[in-house]
Amino acid sequence: MRSVSSGRIIFTSIPISSFVSRLQASSSERSRFSTLPPGNSHGVAPLSFYSLLRRTLSFSIMTGPAAIIVSFIILRLFAALLYHRKTMIRKQALPPLADRMRPENFDDFVGQEDVVGMGKMLRTLAERGEISSAIFWGPPGVGKTTLARIIARVSGADFLELSGVESGKEDLRSAIERAGQNKRLGSETLLFIDEIHRWNKAQQDALLPHVERGTITLIGATTENPSFEVIRALLSRSLVFILKTLSVEDVVRILRRALKNKEKGLGLYPVQVDDSVLHLLATLSGGDARVALNALELAVVSRGGNGAIVLEDVREALQRSHLVFDKKGEEFYNAISALHKSMRGSNANAALYWLARMLEGGADPLYVARRVLRFASEDVGIANNTALLVASAA
């Protein structure tokens, strides 16, 4: 250590390493500069700002004026680190509201009363821990994934999840190895495959011996008709449960629960949402709880987390109504069948509704026109000779 005189003030300079070591040793407590608590992944030691300030001031007084300058620099750096940490926490991406609000038990599950209602077979088996392989068939956002997780939690089975889009035989092999270990230890394994219709025949065949031996309990989720997309051998070993589109009342219940939940939902935001806004959001979502929840979150965040959510906010968040429709899937043929039956029953309003729904959903207008021509020729036929001419002229 050396002293430098400048006028009447004497500056004392010491090596930075000595300063830091003395600063750390200034307290009788265990040093916390190099130890992070469990769950702290931000890379900043949990030393409080006031604790560091107290240590720094005591050290500066003992060491001299030069240490005050160095201490000031260290405090500024520490404050910058704290600000950076808070900024990173604020910017940390949270899961979407729909994922955060997943229910964890049957009592909180909304909808599908004919499948998981009190006393129903699936719920009874899960509560007894006697689950069997199943296929959940239904449109998006009705609770297929959530229901599989609840069944695993209630039954006490080890839950493994694969995606029919991203996973393949290698992922399945790893899951089977883990299931084999669980079986040797006397526990069950529930393998959930989302979008199972994305797997080809060979991939689905690989499931058969393990389902047959009971190594895994399979639950597959699909938005397509399993009679066409799941191999027959796998269907014979599974129960098929049809999950229906959620009603407007069910979606409204889910939205209200999200607005009141302060832990996982939007309960900490001082927002006001009228029942008319919730009903409009539930109607435009098309029975898809995921769409409704994410649109609600977007509307609340766009308002800055306060104020009143109005109808225009909902329309802007959704942009358009989310109709359950696909161009060449199950819903496509359901819609064209409904159009035919409406015309056959002479229900003009219903026919116009299904026609508009198909066109709004992206159906080819020429295809719809050909089906109308076919209806005029085959269903009307000679009962009205001008029907085909009118359809052709249109």
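1. A few points about the confidence of the model for the protein chain
(1) Moving on: Of the residues in the protein chain, 73% have a pLDDT of 70 or more, and the chain-wide mean is 78.
(2) Moving on: Across the protein chain, strand β3 (residues 134–137) holds the top mean pLDDT of 94, while strand β2 (residues 9–13) sits lowest at 42.
(3) Moving on: Every residue in residues 1–17 is under pLDDT 50, and counting partners more than four places away or in other chains gives 24 contacts.
(4) Moving on: Confidence drops under pLDDT 50 across residues 26–47; counting only partners more than four residues distant or on other chains, this segment forms 31 contacts.

2. A few points about the sheet that holds strand β7 (residues 239–242)
(1) Moving on: Taken in spatial order, the 5 strands make up an open sheet running β4-β5-β6-β3-β7, and their pairing is parallel. The open sheet terminates on both sides in strands that have one partner only, identified here as β4 (158–163) and β7. Averaged over all adjacent pairs, the angle separating strand axes in this sheet is 20°, with direction ignored.
(2) Moving on: Alignment of strand β5 (residues 189–194) against strand β6 (residues 217–222), held across 5 bridges, turns out to be parallel. In the strand pairing of β6, Phe192 is matched with Ile219.
(3) Moving on: Against the sheet, helix α7 (residues 144–155) touches β3, β4, β5 and β6, its axis set at about 175° to β5.

3. Some points on the packing of aromatic side chains
(1) Moving on: Taken as a whole, this structure holds 3 aromatic pairs when the rule is applied.
(2) Moving on: Seen in terms of ring centroids, Phe136 and Phe241 are 6.1 Å apart; in terms of plane orientation they differ by 70°. Their pairing is edge-to-face. Of this pair, Phe136 sits in strand β3 while Phe241 sits in strand β7, and the two are 105 residues apart along the sequence.
(3) Moving on: Accessibility expressed as a relative area gives 0% for Phe136, which makes it buried.
(4) Moving on: On the numbers, 5.1 Å between centres and 75° between planes, the contact of Tyr353 with Trp354 is edge-to-face.

4. Description of the pairing of β3
(1) Moving on: Where burial is concerned, the two faces of β3 agree: the one with Ala134 and Phe136 and the one with Ile135 and Trp137 are both buried.
(2) Moving on: Where β3 meets β6, 4 bridges bridge the pair, whose relative direction is parallel. Each residue of the ladder has a partner; that of Ala134, found in β6, is Ile219.
(3) Moving on: As judged from the 4 bridges shared by β3 and β7, these two strands associate in the parallel manner. Within β7, the residue paired with Trp137 across the bridge is Ile242.

5. Digging into unusual backbone geometry
(1) Moving on: Although it is not a glycine, Gln112 sits at a positive phi angle of roughly 55°.
(2) Moving on: As for its placement among the helices and strands, Gln112 is situated in the loop between α4 (97–100) and α5 (113–116).
(3) Moving on: With a relative accessible area of 6%, Gln112 lands in the buried category.
(4) Moving on: Of note in this structure, Glu195 is not a glycine but carries a positive phi near 55°.

6. Comments concerning the side chain of Thr222
(1) Moving on: Along the polypeptide, Thr222 turns up in strand β6.
(2) Moving on: Residues within four places of Thr222 in sequence aside, it is in contact with Ile135, Phe136, Trp137, Gly138, Lys144, Ile196 and His197.

7. Re helix α19 (residues 365–380)
(1) Moving on: The end-to-end C-alpha separation of α19 is 21 Å, in line with the 22 Å expected for 16 residues at 1.5 Å each.
(2) Moving on: Within α19, burial applies to Tyr367, Val368, Arg371, Phe375 and Ala376.
(3) Moving on: Summarising the contacts, the buried residues of α19 are in contact with α17 (330–344), α18 (348–361) and α20 (387–393).
(4) Moving on: Looking one or two residues past α19, Gly381 carries a phi angle of roughly 60°, positive in sign.

8. A word on the environment of Phe332
(1) Moving on: Following the sequence through the fold, Phe332 ends up in helix α17.
(2) Moving on: Each C-alpha atom of the pair Phe332 and Gly361 lies 9.2 Å from the other, and the pair is 29 residues apart in sequence.

9. Let's talk about the pattern of salt bridges
(1) Moving on: Overall, the coordinates contain 14 salt bridges when judged by the stated rule.
(2) Moving on: One salt bridge connects Arg123 with Asp107, and the closest N-O pair in it is separated by 2.7 Å. Of the two residues, Arg123 sits in helix α6 (residues 121–128) while Asp107 sits in the loop between α4 and α5, which places them 16 residues apart along the sequence.
(3) Moving on: On the basis of relative accessibility, which here comes to 7%, the residue Arg123 falls in the buried class.
(4) Moving on: Among the ionic pairs, Glu212 bridges to Arg237, the shortest N-O distance being 2.5 Å. Highlighted residues: Glu212 in helix α10 (residues 208–213) and Arg237 in the loop between α12 (232–235) and β7, separated in sequence by 25 residues.
(5) Moving on: On the basis of relative accessible area, Arg237 is assigned to the partly exposed category, the value being 32%.
(6) Moving on: Through salt bridges that share partners, Asp107, Arg123 and Glu127 make up one connected network.

10. Brief notes about the nonpolar core
(1) Moving on: One finds Phe136, Leu147 and Ile151 to be the most contacted residues of the largest nonpolar core, which totals 53 residues.
(2) Moving on: Ranked by residues supplied to this core, first place goes to helix α15 (residues 289–302) with 8 residues.
(3) Moving on: Here Ile151 is in contact with Phe106, Leu122, Ala126, Ile131, Phe136, Leu190 and Ile219, once residues within four sequence places are set aside.
(4) Moving on: One finds Leu160, Ala175, Ile176 and Ile231 within the second-largest nonpolar core, a separate group that totals 19 residues.

11. Observations concerning the side chain of Ser133
(1) Moving on: One can find Ser133 in the loop between α6 and β3.
(2) Moving on: Here Leu218 takes part through its backbone nitrogen, which lies 3.1 Å from a polar atom of the side chain of Ser133.
(3) Moving on: Ignoring sequence-local partners within four residues, the contact set of Ser133 consists of Val211, Ile216, Thr217, Leu218, Arg237, Ser238 and Leu239.

Scoring rules and cut-offs
Residues numbered from 1 in each chain as written. Predicted model: local features only at pLDDT ≥ 70, side-chain atom pairs only at ≥ 80, totals over all residues. Heavy atoms only, no water. pLDDT = per-residue confidence, 0-100. Helix = DSSP H or I, 4+ residues; strand = E, 2+ residues; numbered from the N terminus. Contact = heavy atoms within 4.5 Å. Pairing = 2+ DSSP bridges. Axes fitted to C-alpha atoms, helices over the stretch in contact; angles between N-to-C directions. Phe/Tyr/Trp six-rings, centres within 6.5 Å; stacked < 30°, edge-to-face > 60°. Buried < 20%, exposed > 50% of the residue type's maximum accessible area, 1.4 Å probe, protein only. Expected span 1.5 Å × (residues − 1). Salt bridge = Lys/Arg side-chain N within 4 Å of Asp/Glu carboxyl O. Core = buried A, V, L, I, M, F, W, Y, C linked by side-chain atoms within 4.5 Å. Polar contact = N/O pair within 3.5 Å; in protein donor to acceptor, adjacent residues only side chain to side chain.

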